[in-house]
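Breakdown of the fold
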Amino acid sequence: MKTDILIVGCGVSGLYCALNLPRDKDILIVTKDAMDKSDSYLAQGGICVLRDEKDYDSFFEDTMRAGHYENNKQSVDIMIRSSRAVINDLVDCGVLFEKNGDDFAYTREGAHSAPRILFHEDETGKEITSHLLEAVKKLPNVRILEYFTMVDILAEGNACYGIVGQDKDGNFHTVRADYTVLATGGIGGLYDHSTNYRHLTGDAIALALKHNVALQHIDYIQIHPTTLYTKEEGREFLISESVRGEGAILLNHKGERFVDELLPRDVVANAIFAEMRKEGKPHMWLSLEKIPTEEILSHFPHIYQHCLEVGYDVTKEPIPVVPSQHYFMGGVDVNEHSKTSMERLYAVGETACNGVHGRNRLASNSLLESLVFAKRAAADMMSKYEKAPERGAFSVDPAAYTNYKAKYKEAVLTAIERERQSHE
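Presented here is a report on the structure given in the accompanying data block. As the structure is a prediction and not an experimental result, all values here were calculated from the model.

Before going further, it helps to spend a moment on the state of the cysteines. For the structure shown, the criterion picks out zero disulfides. Cysteine C353 is unpaired, with the sulfur of C48 as its nearest cysteine sulfur at 18 Å.

This is the structure we're talking about:
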């Protein structure tokens, strides 16, 4: 196959990148699963936005403080300054954020000093991603290929000319492109307990290791403090940060509070782990007793319904919660335009690391960061667009990819552990 621009991944960053590319470019989006099975759909809490200039300093400081001041200040500034334009684009796409009369309603989450988060019930990610997907599907220059897994990069020298992919029948194909955008999401599928879809296994990280594409902070992995505790295996159900932002409290098995629930995620998660060890229990409790029932039903209807289905009525009783792997702050190293160290190769979304999040992501900055830097990737590509030089066919040896899943998983986990040990 051949295309002008290849986007690997169908979450908000990949979709928004496609929407910001010219209509005279042939664009192919490939995705490992169904087009609506990205982690972008799972985001519950919301998306941050700069409310006004008076909010800039505190927004910047909140992001930096949550990231332990290891953030890239230029990237943080770009994200914040670009936020209002992104929200306007989303509204133009039909995204419906909660309103108070004619104005947006803003909520607050952990480690935020002020309410600056737009939301749609407790399914903000689904609201945004579904509208972006519908907009992309209407574009005559974009094709979406589902159940197509990237297994290698077509690289020559230090330039990318596309990928090798495997279709749902196990056949391998080359996809040639002038430019390639990696938007493959996070690494939660490598972990036993994660809020991520199981097919998100750090494929772009594995191929960056293979082809010496620069990586950054790949041991910076965020644990979300509150996922619903069950004894069953599989993806963990997230209890949004905004539940604590609206007044939910954490309790131990004696019914005692043991932490400020609005501290950064890593601090709260560590406090829960410590209390679990102290009490010898597999979970702690989250109580929504301070949140009015009508607010629970209107703001968190899907959390309420899911908990009810597994036997907990959050309007009457606390729910068991446990920390789980949630987000990848590291990734493929990119500059402020989402360009990687390899020519003709970009990376956006959770796959990429532009330094916005530092060591720990501030709640609801993920959707915003993904969208802002996906748009910048599209603009940068177009500012320097050149057709790829003609070259002979790339040969593909199917035998070389027989064990790629296990091999790539081992490579990523080994690299993460090596990086972690180097910081100790």
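Further notes follow.
Using the criterion set out here, one finds seven aromatic pairs in the structure. Judged by centre distance (6.0 Å) and plane angle (85 degrees), the rings of F97 and F104 are edge-to-face. Assigned by exposure class, F97 and F104 land together as buried. Measuring from centroid to centroid gives 5.4 Å for F172 and Y401, while their planes differ by 40 degrees, and the two rings are tilted.

Okay, the nonpolar core next. Membership of the largest hydrophobic core comes to 57 residues, with the highest contact counts inside it found for I7, I29, I47, L90, F97, I128 and L132. No other element matches the nine residues that helix α10 (residues 366-383) contributes to this core. Filtering out sequence-adjacent residues up to four positions away, L90 remains in contact with I47, V95, F97, I128, L132 and L371. If you look at the next biggest cluster of nonpolar residues, it comprises 41 residues, including I163, V164, I205 and A415.

With that settled, consider the pairing of strand β1 (residues 2-8). The element β1 is largely enclosed, with a buried count of six among its seven residues. Here six bridges tie β1 to strand β10 (residues 172-182), and the two strands are oriented parallel to one another. Paired with L6 across the strands is T180, a residue of β10. Across four bridges, the pairing between β1 and strand β2 (residues 27-30) is parallel. Across the sheet, the residue bridging to V8 is V30, located in β2. What joins β1 to β2 is helix α1 (residues 12-19), and the crossover it makes is right-handed.

Strand order in the open sheet made by the four strands is β12-β15-β14-β13, with antiparallel pairing throughout. The sheet is open, and its two edges are formed by β12 (221-228) and β13 (249-251), each paired on a single side. For this sheet, the mean inter-axis angle between neighbouring strands, taken without regard to orientation, is 45 degrees. In terms of strand pairing, β13 meets strand β14 (residues 284-287) through three bridges, oriented antiparallel. Among the inter-strand pairings, I249 is bridged to a residue of β14, identified as S287. Across the sheet, helix α7 (residues 265-279) touches β12, β13, β14 and β15 (319-328), and the angle it forms with β12 is around 60 degrees.

Attention now goes to α10. Note that an α-helix has 3.6 residues per turn; residues three or four places apart therefore point the same way. With 18 residues, α10 extends 26 Å from end C-alpha to end C-alpha; this agrees with the ideal 26 Å at 1.5 Å per step. Across the 18 residues of α10, 13 count as buried, placing the element largely inside the fold.

Here β12 lies mainly inside the structure; six of its eight residues are buried. Direction of pairing for β12 relative to β15: antiparallel, over a ladder of six bridges. Among the inter-strand pairings, Q222 is bridged to a residue of β15, identified as Y327.

On to the side chain of E241, then. Within the fold, E241 resides in helix α6 (residues 241-245). Under the relative-accessibility criterion, E241 is labelled buried at 2%. For E241, the side chain forms a polar contact with the side chain of R265, separated by 2.6 Å. Here E241 is in contact with E109, G110, H224, L263, R265 and A363, once residues within four sequence places are set aside.

For any two helices packed against each other, one specifies the crossing angle of their axes together with the interaxial distance. In contact at an axis separation of 8 Å, helix α3 (residues 73-92) and α10 are set at 90 degrees when each is read in the N-to-C sense. By the angle between their axes, α3 is roughly perpendicular relative to α10. Between α3 and α10, the residues in contact are S75, I78, M79, S82, S83, V86, D89 and L90 and L368, E369, L371, V372, F373, K375 and R376, respectively. Grouping the amino acids of the contact of α3 with α10 by side-chain chemistry returns eight nonpolar, three polar and four charged.

Another aspect to go through is the environment of V314. Topologically, V314 is positioned in the loop between α9 (301-309) and β15. Residue classification places V314 among the buried residues on the basis of a relative accessible area of 2%. Separated by 127 residues in sequence, V314 and I187 place their C-alpha atoms 30 Å apart. If we skip the residues at most four places from it in the chain, V314 touches L288, I296, Y304, C307 and I319.

Read across the sheet, three strands follow the order β11-β16-β18 without closing on themselves; strand pairing throughout is mixed. Looking at strand neighbours, the two that pair on one side only are β11 (215-216) and β18 (352-353), the edges of this open sheet. Summarising the sheet, β11 and strand β16 (residues 331-333) pair through two bridges and their orientation is antiparallel. Directly across from L215, in β16, lies its bridge partner V332.

Phi angles above zero are rare outside glycine, and H68 is one such case at about 60 degrees. Here H68 is to be found in the loop between α2 (56-66) and α3. What makes H68 partly exposed here is its relative accessible area of 36%.

Turning to its location among the elements, F97 is positioned in the loop between α3 and β4 (99-100). Setting aside anything within four residues of it in sequence, one finds F97 in contact with I47, I87, L90, V91, F104, L118, F119, T124 and I128.

Let's shift gears to the packing of helix α5 (residues 203-210) against helix α11 (residues 404-422). Contact pair α5 / α11: the axes reach a minimum separation of 9 Å and the direction vectors enclose 80 degrees. Our classification of the angle between α5 and α11 gives roughly perpendicular. In this structure, α5 contributes I205, A206, L207, L209 and K210 to the contact, and α11 contributes Y408, A411, V412 and A415.

What counts, and where the lines are drawn
Throughout this description, residue numbers start from 1 for each chain and increase along the sequence as written. At least 70 in pLDDT is required for a residue's local features to be given in this predicted model, at least 80 for side-chain atom pairs to be given and counted, and no such filter applies to totals for whole chains, interfaces and linings, which use all residues. Values reported for side chains reflect all heavy atoms of the structure, with hydrogen atoms and water molecules removed beforehand. Throughout, a disulfide means two cysteine sulfur atoms within 2.5 Å of one another. Each aromatic pair joins two rings of Phe, Tyr and Trp (for Trp, the six-membered one) with centres within 6.5 Å, and gets the label stacked for planes under 30 degrees apart, edge-to-face for over 60, and tilted for any other angle. Buried residues are those whose accessible area, probed at 1.4 Å on protein chains only, stays under 20% of the maximum for their type, while exposed residues exceed 50% and partly exposed ones sit between those limits. The set of buried Ala, Val, Leu, Ile, Met, Phe, Trp, Tyr and Cys residues whose side-chain atoms join them within 4.5 Å is what this entry labels a nonpolar core. Helix and strand assignments follow DSSP, with helices taken as H or I runs no shorter than four residues and strands as E runs no shorter than two, numbered in order from the N terminus. The contact definition used throughout considers only heavy atoms, calling two residues in contact when any of these lie within 4.5 Å. For two strands to be treated as a pair, DSSP must find at least two bridges joining them. Crossovers are marked right-handed if the path from the first strand over the helix to the second runs clockwise, as seen with the strands pointing away from the viewer. Inter-axis angles, ranging from 0 to 180 degrees, are taken between N-to-C directions of lines fitted to C-alpha atoms, where helices are fitted over the stretch in contact. Helix span is expected to be 1.5 Å times the residue number reduced by one. We call two N or O atoms a polar contact when they sit within 3.5 Å, provided that within protein one can donate a hydrogen and the other can accept it, with sequence-adjacent residues counted only if both atoms are side-chain atoms. Here the word oblique covers every angle except those under 35 degrees (roughly parallel), over 145 (roughly antiparallel) and from 65 to 115 (roughly perpendicular). Only Asp, Glu, Lys and Arg are considered charged in this grouping, and only Ala, Val, Leu, Ile, Met, Phe, Trp, Tyr, Cys and Pro are considered nonpolar; every other residue, Gly among them, is considered polar.

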